Amino acid sequence: ILGALLADFSRYYPDVKIQLYTGGALEALQYGREGKADIVISHHPPDEKRFVEQGFGRVRTEILFSEFVLFGPPNEIPEITKSTDIISALKLLAKKEAHFLVPSARSGVFPVIESLWANAGIHTDWFGYEYTGKSGAANLEQAVMEGAYTIMDIATYLVKRDEYGKYISPLIRGDFALRNIYSVVIVSNDKIIGANEKLAKIFYAYLINEKGQGVIEKYGEKTLQVSYLTPAANFDTGLREKRAEEKSS
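Small disclaimer: the values here were computed from a predicted structure and weren't measured. (Residues numbered from 1 in each chain as written. Predicted model: local features only at pLDDT ≥ 70, side-chain atom pairs only at ≥ 80, totals over all residues. Heavy atoms only, no water.)

Q: Got a sec to walk through the overall build of the chain? Specific residues and values, please.
A: Per the secondary structure count, the chain includes eleven helices and eight strands. By the compact-globule yardstick of 18 Å for 249 residues, the chain fits well, its C-alpha radius of gyration being 19 Å. A total of 249 residues make up the chain; the buried ones form 47% of that total. A separation threshold of at least 6 residues defines the contact pool for the chain, and within that pool the share at least 24 residues apart is 71%. As presented, the chain carries roughly 12900 Å² of accessible surface, and 50% of it is formed by carbon and sulfur atoms. Here the chain contributes 29 positive and 32 negative side-chain charges, whose respective centroids are spaced 4 Å apart. (Helix = DSSP H or I, 4+ residues; strand = E, 2+ residues; numbered from the N terminus. Rg over C-alpha atoms; globule rule 2.2 N^0.38 Å. Buried < 20%, exposed > 50% of the residue type's maximum accessible area, 1.4 Å probe, protein only. Contact = heavy atoms within 4.5 Å. Areas by Shrake-Rupley, 256 points an atom, 1.4 Å probe, with all protein chains shown as cover. Lys, Arg positive; Asp, Glu negative; His and termini not counted. Charge placed at Lys NZ, Arg CZ, Asp CG, Glu CD.)

The following block contains the structure:
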């Protein structure tokens, strides 16, 4: 999706050159702290908020929603597909002491998984509950190989669904608690000397307006024939308040 956004952005701003660095959710924010980025896109809300609170970020705005999904071996625990929400499903997994894998703490899904178990009131101390320390994609691959359960972004599965589909399936999806929020943060030149806020704001404005949001909306169907990305700028509380103030002034 970032490649598609940059390609579309260059159509409107051919003179603005953007160099893209990719990494994990926390790694991206670290680029900002080290002065290696002018704008950061991440999906780790707790650290994004700290980033802004510590003065590294000028503004944080949600730009898209993806979806986390509970994956597991088809039919191993048939009752799980009857669960109406993720908390009920997790309670069933805990009761069965199912083999469950959790990726690295630096993964954007890690705090979501930890929060879900906490909300379910479950201590994950049974044999078979494993912290792999791997990236999200590697964690899902291990779950496939070991016949384990895990929670992961739907896109990570979709790119390899033909390969993985026989061994692991989406079991619970669509629960609001499984929303995967991606945000954009402008790096503050008050904190990071040399941060180019001027150019960052141009790309930021593109991402939150109808051009960038339109690319996000259509991306899933174009690439994987599944609509799995939801434009989120219109739902961002801070942006809605700002736009309301601008209209009233």
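Q: Can you tell me about the layout of surface pockets, naming the residues and giving the values?
A: Considering only enclosed or pocket space, the second largest pocket measures out at about 300 Å³ in volume. Looking at the lining of the second largest pocket, the elements that each hand over two or more residues are α3 (45-53), β2 (57-72), α5 (110-120) and β7 (179-187). A total of five residues in the lining of the second largest pocket trace back to one element, the largest contributor, which is α5. Split into classes, the residues belonging to the lining of the second largest pocket amount to nine nonpolar, five polar and three charged. (1 Å grid on protein atoms, 1.4 Å probe; cavity = no way out; pocket = protein on both sides within 12 Å on 5 of 7 lines; lining within 4 Å. Points joined across faces, edges and corners; volume = space filled by probe spheres on them. Nonpolar A, V, L, I, M, F, W, Y, C, P; charged D, E, K, R; others polar.)

Q: Provide a residue-level description of the pattern of salt bridges, including the pertinent values.
A: This model, assessed by the stated rule, comprises ten salt bridges. For the salt bridge of R173 with E67, the shortest nitrogen-to-oxygen distance reads 2.8 Å. Pair noted here: R173 is in the loop between β6 (169-172) and β7 and E67 is in strand β2, with a separation of 106 residues, a long-range link. A relative accessible area of 43% means that R173 is categorised as partly exposed. We classify E67 as buried; its relative accessible area is 14%. Among the charged side chains, a network of salt bridges with common partners joins R58, D190, E197 and K201. (Salt bridge = Lys/Arg side-chain N within 4 Å of Asp/Glu carboxyl O.)

Q: Give a description of α5 that names residues and reports values.
A: Among the residues making up α5, those that are buried are F110, V112, I113, L116, W117 and A120. Seen along its axis, α5 keeps its buried residues to an arc of 170°; they face one direction. The outward face of α5, more than 90 degrees from its buried face, is lined by the exposed residues A118 and N119. The elements touched by buried residues of α5 are β2, α4 (86-96), β3 (100-102), β4 (129-131) and β5 (150-153). The positive-phi residue at the C-terminal boundary of α5 is G121, with phi of around 70°. (Arc of directions from axis to C-beta.)

Q: I'd like a rundown of the packing of α4 against α5, residues and numbers included.
A: One way to put it is that α4 packs onto α5 with a least axis distance of 9 Å and a crossing angle of 80°. Between α4 and α5, the crossing angle belongs to the class labelled roughly perpendicular. Of the residues in α5, those touching α4 at I86, I87, L90, K91, L93 and A94 are L116, W117, N119 and A120. Residues that form the contact of α4 with α5 fall into these classes: eight nonpolar, one polar and one charged. (Axes fitted to C-alpha atoms, helices over the stretch in contact; angles between N-to-C directions. Parallel < 35°, antiparallel > 145°, perpendicular 65-115°, else oblique.)

Q: Give a detailed account of unusual backbone geometry, specifying residues and quantitative values.
A: For E97, which is not glycine, the phi dihedral falls at a positive 50°. By the element assignment, E97 lies in the loop between α4 and β3. The phi dihedral of Q225 falls on the positive side, at around 60°, and the residue is not glycine. If you trace the backbone, Q225 turns up in the loop between α10 (210-224) and β8 (230-231).

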